[in-house]
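A look at the structure
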Amino acid sequence: MKQVIKCGHLFDVNEKAFKEQANVYIDGNVITKVEYGNGGTEEGWEVVDLSDKYVMPGFIDCHVHLNMNGEPDGTAPMAVATDGDMALKSYVYAMRDLMAGFTGVRDEGSVGFTDIALRNSIEKGLVKGPRIFCSGMPLGTTGGHADSHFNPYFEGRTSMGMIVDSPDAGRAAVRENFKRGADQIKLMATGGVMSVGDDPGAPEFTVEEMKAICDEAKRKGKITSAHTHGTLGIKWAVEAGVDTIEHGTMLDEEGVQMMLDNGSWLVPTLSAPHNIMKYGVEAGIPQEMVDKCALVAERHKKSTKMAYEAGVKIAFGTDTGTPFNAHGTQALEFELLVNDGFRPEDAILSATKNAAQMLRWDHKVGSVEAGKLADLVAVDSDPIADISVLQKVSFVMKDGEIFKM
């Protein structure tokens, strides 16, 4: 199928600006050329008229959890749900992301390799959905953020992760995830907000353990990401060679400089603490979770702003799936970034060009250029003037197929 998208305004990721009057020619699922100006369209192409809209590359959310959908305590259902339950839920939630304009997502940890199963089904054409970059099962330490706290007589898998307590165990877990088809390795470098009994500020892996994990991933040509809240845990993760720092909640100036020196990426996920503090215990979020979040929420915003102003590479991510952070609503993150000091065009860039570069997808998505895959989204008014309009996407195309018009 040959289509030409008539764009009233098209976002140029290189100029970080909307350019008026563009025709985007798509043959099958590939963009063949982009022409600017008021000229007509070539004959033989089906015209899709977006001449009254603002068109951008498809968005990429680099931090979602497809097994969860904003429940007050998202890990609790994992005690009774089967992998089949989780896989079916993940399909529904992924479609909600797609319909909100997120043509690509990175799952940052799922039970039973269900993210990989869904990705494979989408790629085989069995079901529809966004592109998925998979972590498989994240790696954590005993008693840490990926562990469960069931009664000792319950045996078997933990709620979400693989528990490793030595460099050798870390290497084995990396190999197991890649054997199952993971695209990257996710590890829990510090305690968390949603876990029981740990301290968000405390490191959990040692540098030696994380370095073994990162080195094993690099040997396979893969990237690593680390859940991090505490200052020391962030620095240890960067020192160990982690590619992407998730949350980065308690960054300090030294940590920012380390990230700059090492070329590390930051994925802020401001939506997660925002929603926990907005809804609180009254909405059913466990008291311990709210208390831990209250300790770090304001620091998180300051850390993100400091990293942005210093020039740290930043990719868009939301931690969608965490309490009241539902799939299909995560474009709120754009507004939170702008409220935290980001220029609107940089917020858009974080979810397009930057996100694609971080995931090593930039050869195929992240910009509207000849040779790239036809992933496009559009809104009805200028998001540079009002970033909140990105929460009301009116057009979605993935791989040349229109999902919303």
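Everything here concerns the structure above.
This structure is a prediction, so every number in the text was calculated from the model and none was measured. (Residues numbered from 1 in each chain as written. Predicted model: local features only at pLDDT ≥ 70, side-chain atom pairs only at ≥ 80, totals over all residues. Heavy atoms only, no water.)

**Looking at unusual backbone geometry**
Phi angles above zero are rare outside glycine, and histidine 247 is one such case at about 75 degrees. The residue histidine 247 is located in strand β12 (residues 244-247) in this model. A relative accessible area of 4% places histidine 247 in the buried class. A positive phi angle, near 60 degrees, is found at arginine 360, a position not held by glycine. Note on placement: arginine 360 falls in the loop between α11 (353-358) and β15 (376-379). A relative accessible area of 45% places arginine 360 in the partly exposed class. (Helix = DSSP H or I, 4+ residues; strand = E, 2+ residues; numbered from the N terminus. Buried < 20%, exposed > 50% of the residue type's maximum accessible area, 1.4 Å probe, protein only.)

**What to know about helix α5 (residues 231-240)**
When we look at burial in α5, the residues that qualify are Gly233, Ile234, Lys235, Ala237, Val238 and Ala240. The inward-facing, buried residues of α5 contact α4 (207-219), β11 (223-228), β12 and α6 (253-262). Positive phi appears at glycine 241, one or two residues downstream of α5, with a value of about 105 degrees. (Contact = heavy atoms within 4.5 Å.)

**Topic: the environment of glutamine 21**
Its place among the elements puts glutamine 21 in strand β2 (residues 17-27). Classification of glutamine 21 by relative accessible area gives partly exposed; the value is 32%. When the C-alpha positions of glutamine 21 and aspartate 52 are compared, they lie 9.9 Å apart, and in sequence the two are 31 residues distant. Non-local contacts of glutamine 21, meaning those with residues more than four positions away in its chain, are made with Cys7, Gly8, Glu35, Tyr36, Gly37 and Asn38.

**Overview of the packing of α6 against helix α8 (residues 287-310)**
At their nearest, the axes of α6 and α8 sit 10 Å apart, and the two run at 45 degrees to each other. Considered as vectors, α6 and α8 are oriented oblique to each other. For the crossing formed where α6 meets α8, the hand is right-handed. Residue-level contacts link Glu253, Val256 and Leu260 of α6 to Met306, Ala307 and Ala310 of α8. Across the contact of α6 with α8, the residue classes break down as five nonpolar, no polar and one charged. (Axes fitted to C-alpha atoms, helices over the stretch in contact; angles between N-to-C directions. Parallel < 35°, antiparallel > 145°, perpendicular 65-115°, else oblique. Left-handed = near helix turned anticlockwise from the far one by under 90°. Nonpolar A, V, L, I, M, F, W, Y, C, P; charged D, E, K, R; others polar.)

**Considerations on the packing of helix α7 (residues 271-279) against α8**
Two numbers describe how α7 lies on α8: the axes approach to 9 Å, and their chain directions differ by 130 degrees. Taken together, α7 and α8 sit at an angle that is classed as oblique. The two elements α7 and α8 meet at a crossing, and its hand is left-handed. Together, Pro273, Ile276 and Met277 of α7 and Met289, Val290, Cys293, Ala294, Ala297 and His300 of α8 make up the contact between the two elements. Considered class by class, the residues forming the contact of α7 with α8 number eight nonpolar, one polar and no charged.

**A few points about the pairing of strand β17 (residues 401-404)**
Remember that side chains alternate between the two faces of the sheet whenever the strand is regular. With three bridges connecting them, strand β16 (residues 395-398) and β17 associate as antiparallel partners. Bridge pairing in β17 places methionine 397 opposite isoleucine 402. Hairpin geometry of β16 and β17 is characterised by an intervening segment of two residues between the two adjacent antiparallel strands and by a positive phi of about 55 degrees at aspartate 399. (Pairing = 2+ DSSP bridges.)

**Digging into the side chain of histidine 9**
Within the fold, histidine 9 resides in strand β1 (residues 2-12). Not counting chain neighbours up to four residues away, the residues in contact with histidine 9 comprise Phe18, Lys19, Glu20, Lys53, Tyr54 and Val55.

**Section: the pattern of salt bridges**
Evaluated as defined, the whole model comprises 24 salt bridges. Glutamate 42 serves as the salt-bridge partner of lysine 33, at 2.2 Å between the closest nitrogen and oxygen. For glutamate 42, a relative accessible area of 34% gives the class partly exposed. The salt bridge partner of lysine 235 is glutamate 254, with a shortest N-O separation of 2.6 Å. Of this pair, lysine 235 sits in helix α5 while glutamate 254 sits in helix α6; the two residues are 19 residues apart in sequence, bridging distant segments of the chain. Residues joined by salt bridges that share partners form a network here, namely Arg106, Glu108, Lys186 and Glu246. (Salt bridge = Lys/Arg side-chain N within 4 Å of Asp/Glu carboxyl O.)

**Quick notes on α6**
Every α-helix winds through 3.6 residues per turn, so residues three or four apart in the chain are directed the same way. Residues of α6 that are buried: Gly255, Val256, Met258 and Met259. In a view along the axis of α6, the buried residues occupy a sector of 160 degrees, so they form one face of it. Facing away from the buried side of α6 by over 90 degrees, the exposed positions are Glu253 and Asp261. For α6, the elements touching its buried residues are α5, β12, β13 (265-267) and α8. Regarding α6, its N-cap is aspartate 252, as a side-chain oxygen of that residue lies 3.3 Å from the backbone nitrogen of glutamate 254 further along. Once α6 ends, the next one or two residues include glycine 263, with phi positive near 70 degrees. (Arc of directions from axis to C-beta. Polar contact = N/O pair within 3.5 Å; in protein donor to acceptor, adjacent residues only side chain to side chain.)

**Describing the side chain of asparagine 325**
Mapped onto the elements, asparagine 325 comes out in the loop between β14 (313-314) and α9 (332-339). For asparagine 325, the side chain forms a polar contact with the main-chain oxygen of aspartate 319, separated by 3.2 Å. Discounting chain neighbours no more than four positions away, the residues touching asparagine 325 are Gly70, Ser271, Ala272, Asn275, Thr318, Asp319 and Thr320.

**A short note on the packing of aromatic side chains**
In this description, a pair of aromatic rings is defined by centroid distance and the angle of the planes. Following the criterion strictly, the structure yields eleven aromatic pairs and no others. Seen from their ring centres, tyrosine 279 and phenylalanine 324 are 4.3 Å apart, and the 15 degrees between their planes marks the pair as stacked. Here tyrosine 279 is found in helix α7, whereas its partner phenylalanine 324 is found in the loop between β14 and α9, with 45 residues between them in sequence. What links up through ring pairs into an aromatic cluster is the set Phe59, Phe102, Phe316 and Phe334. (Phe/Tyr/Trp six-rings, centres within 6.5 Å; stacked < 30°, edge-to-face > 60°.)

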